[in-house]
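# Reading the structure
Chain by chain, the residues:
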Amino acid sequence: MMTHRRILVTAALPYANGHIHIGHLTEYVQTDVWVRFQKLRGNQCIFICADDTHGTPIMMRARQEGRSEEALIAEMSEHHRRDFAEFHIDFDNYGSTNSEENRHLCGEIWKSLREADLVVEREIEQLFDPEAGVFLADRFVMGTCPNESCQAPDQYGDNCDVCGSTYQPMDLKDPVSTLSGAKPEVRPTKQLFVRIEQFHEFLEEWISTDNHVQPEIANYLKGQFLKDPLRDWDISRPTPYFGFEIPDSPGNYWYVWFDAPIGYIASTKQWCDGNDQQLDDWWKSESTEIHHFIGKDITYFHTLFWPAMLKSAGFQLPTAVHIHGFLTVNNRKMAKRDGTFVLARTYLNHLDPSALRYYLVSKLGSRLDNIDLNLEELVNKINADLIGKVVNLASRTAKFVQSVGLSAEYPEDGGLFHRAAALGDEIAEAYENLEYNKAMRLILSIADQANPYVEDAQPWVLRKDESKAQQLQDVCTVALNLFRQLVIYLSPVLPELREKTERLLNVTLDSWEASKTPQVGTPVAKFQHLMKRIEEKDVQAMIEESREANAAPKSQDSDEPLKAEPLAEQCTIDDFIKVDLRVARVVAAELIPEARKLLRLTLSLGGDETRTVFAGIKAAYQPESLVGRLVVCVANLAPRKMKFGVSEGMVVASGTGGEEVFLLSPDDGAKPGERVH
RNA sequence: GGGCCUGUAGCUCAGUUGGUUAGAGCAGGGGACUCAUAAUCCCUUUGUCCGGGGUUCAAGUCCCUGCAGGCCUACCA
């Protein structure tokens, strides 16, 4: 018998700025399955989550919608809760970072940081948007890359997409606020920093021991952050900011990444208050395990800052931070354009949540690989595995024993039940270690033995001979007991199947141990469908709706590009004329193997006039597809020395970069060398 | 440029501390059955285990190297 464990589990807090989509669901399903598994094993386990509600994006959106932040986050919370509930994601408490409990705990932890003398005040300069009246985070500023050899326009405030260099938003040339289009001013602000370097040795030790993080993550952190002194962590934001004002620093607010993880504790506190529990038993007790499930994008907050904060405030550190990869659909990044950016709600409009749960779980392992949702495979897998093999077992036998129930004693079955029970240990180990794909393989192997058993025993023949009634009952008793084992093993993934099976077999399947003892002598209810097949057309309809819901209305294009990059200030015709745009023909296009983004183009402006241009379009265009086509180039741009040679101009394109690059082409009839007026 | 990961049948993947003829599911082909949500069962085809070296009695499995793909991160390692 295993020891009774007390386990606290969290999933990342979804941001209150958007709806839940199937990418999010990978994490919540992974976590929910683990929690349900622990509960089934008899451990005391609670699943804690909350909405992450603070920060500039929430503030700006509320303003835009003309309502309070509180109204916005309250509505979002409703949506999130409903989506999760319908995907059978069952939190013990779902809170909000904008709660009194959280404010209080932030204060407590803050006090510990102060007392340990870990907080320093420093004056820094930040960009301020005079029109919107807010300080601008890096991503709210765009301008020209300050790198002399790059000068790419329209880059964010922290780094350049084109040359990859990093810099401060102050360094950008011609910066523009993406909120208002105004030119930001540089203003000094006093901000608070946490001297996290104090924890350097401790963190190095912590990430290297006891599987606190996956080995590849430990490796990454050591190589990426811990090899140098850790930089002070900028933990405050000046007013206006939607969040908690720092008690001993009026006008300053805690940065959202300070109060968000504390939200885990605050949400636990709410649960404790409602369940007669002591918070300290969960967050300050060595006998409690704490497991965080997060995506790889937020690794650094959870493996460096968070342990440091907990450590200094005397809280228990996580037992493990489990990090997973991202979800792709049909092997591509989810994209609105492809209809693969599917909201949880849109999925629910067309398909059974159990299907996605099973599919994701059958793909998930313990590593942080990305996982792919192949829609064709989804249909196939659900129908073949769950309907054809698992549910079919009950479907083909239950009605034969509807009137008599299960046999009074468990019949001879050639060791089938015993073997499946023994396999339970291995399945449990796979669940425990987050090797869900392995667990599903093992479980399905039971169904693969059960169906031939039924085939061989031929209950449909037995029932025609009244003298074989006992034999018939026995065969169905075996099949339904194997089915019952399957359902227990699958119940962390498919809670709905469990409930329906409980009704069919008149039992409660709330313990893993139950899989070891056969069920006998109980009545069997009238068989009803336990799960529906998936139809290809429903998947198609879901994709269509995702496309429509996200695409702009037909007569009107989306305002997103303009919002992302507001109009520049007015210029005169003289300004415009300075830029000599010419039609050019691509006469050669070469891959530069060492370059990540660049292609080397040779452009002809007619006659002998040519230009060599390095263009950041490698991800978007095949070189051979470019040769011969017409493009528009900036012909009088000052040459720039680049890593692979001198670039003598630019080709004109729109798009956000990467694969999203669209070259301009003149209509038919244009000739190389013609000026664009 | 650096770091990490991956590369096994058409597809998705298993292959335990190196040990006999390399496996499963799906797909494909053939057959059986009719209880079941056109479900199920049986039989069946396919592999330069990415390439090249090396260690070993023995390598998909260990070492080196090359190639390809993915992710992360940078003229700092």
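Provided above is the structure to which this section pertains.
To keep things clear, this report deals only with the structure shown in the data block. (Residues numbered from 1 in each chain as written. Chains lettered and ligands numbered in written order. Predicted model: local features only at pLDDT ≥ 70, side-chain atom pairs only at ≥ 80, totals over all residues. Heavy atoms only, no water.)

## A look at the environment of Met60
Mapped onto the elements of the fold, Met60 is located in helix 2 (residues 56-64). Each C-alpha atom of the pair Met60 and Val213 lies 35 Å from the other, and the pair is 153 residues apart in sequence. Ignoring any residue separated from it by four or fewer positions in sequence, one finds Met60 in contact with Ala132, Val134 and Leu179. (Helix = DSSP H or I, 4+ residues; strand = E, 2+ residues; numbered from the N terminus. Contact = heavy atoms within 4.5 Å.)

## Remarks on the pairing of strand 13 (residues 288-295)
The buried count for strand 13 comes to eight of eight residues, which makes it a mostly enclosed element. Relative to strand 13, strand 1 (residues 6-11) is paired through six bridges, and the arrangement is parallel. Paired with Thr10 across the bridge in strand 13 is His292. In this structure, strand 13 lies alongside strand 14 (residues 320-324), joined through five bridges in parallel fashion. (Buried < 20%, exposed > 50% of the residue type's maximum accessible area, 1.4 Å probe, protein only. Pairing = 2+ DSSP bridges.)

## A word on unusual backbone geometry
Across the junction of Thr239 and Pro240, the peptide omega takes the value 0 degrees, indicating a cis bond. If you trace the backbone, Pro240 turns up in the loop between strand 11 (236-238) and strand 12 (252-254). Not every positive phi belongs to a glycine, and Asp276 is a case in point at roughly 60 degrees. Turning to its location among the elements, Asp276 is positioned in the loop between helix 7 (256-274) and helix 8 (279-283).

## Focus on helix 4 (residues 100-115)
Helix length check: helix 4 (16 residues) gives 23 Å between terminal C-alpha atoms against 22 Å at 1.5 Å per residue, within 8%. Looking only at helix 4, the buried set comprises Asn102, Leu105, Cys106, Ile109, Trp110, Ser112 and Leu113. Angularly, the buried residues of helix 4 cover 155 degrees about the axis, an arc narrow enough to put them on a single face. Among the exposed residues of helix 4, those pointing more than 90 degrees away from its buried face are Glu100, His104, Lys111 and Glu115. Among the residues trailing helix 4, Asp117 stands out with phi positive, at a value near 60 degrees. (Expected span 1.5 Å × (residues − 1). Arc of directions from axis to C-beta.)

## A closer look at the packing of helix 1 (residues 22-40) against helix 11 (residues 353-363)
In the contact formed by helix 1 and helix 11, the axes pass within 10 Å of each other and the chain directions differ by 80 degrees. The angle between helix 1 and helix 11 places the two elements in the roughly perpendicular class. On the side of helix 1, the interface is formed by Ile22, Leu25, Thr26, Val29, Asp32, Val33 and Arg36, while helix 11 contributes Leu356, Arg357, Leu360 and Val361. The residue makeup of the contact of helix 1 with helix 11, split by class, is seven nonpolar, one polar and three charged. (Axes fitted to C-alpha atoms, helices over the stretch in contact; angles between N-to-C directions. Parallel < 35°, antiparallel > 145°, perpendicular 65-115°, else oblique. Nonpolar A, V, L, I, M, F, W, Y, C, P; charged D, E, K, R; others polar.)

## Some words on the packing of helix 5 (residues 200-208) against helix 6 (residues 215-224)
One can describe the packing of helix 5 onto helix 6 by two numbers: an axis separation of 9 Å at closest approach and a directional angle of 155 degrees. Taken as axis vectors, helix 5 and helix 6 run roughly antiparallel relative to one another. Here helix 5 runs over helix 6; the crossing is left-handed. Counting all contacts with helix 5, which are made through Glu204, Ile207 and Ser208, the residues of helix 6 involved are Ala218, Leu221 and Lys222. (Left-handed = near helix turned anticlockwise from the far one by under 90°.)

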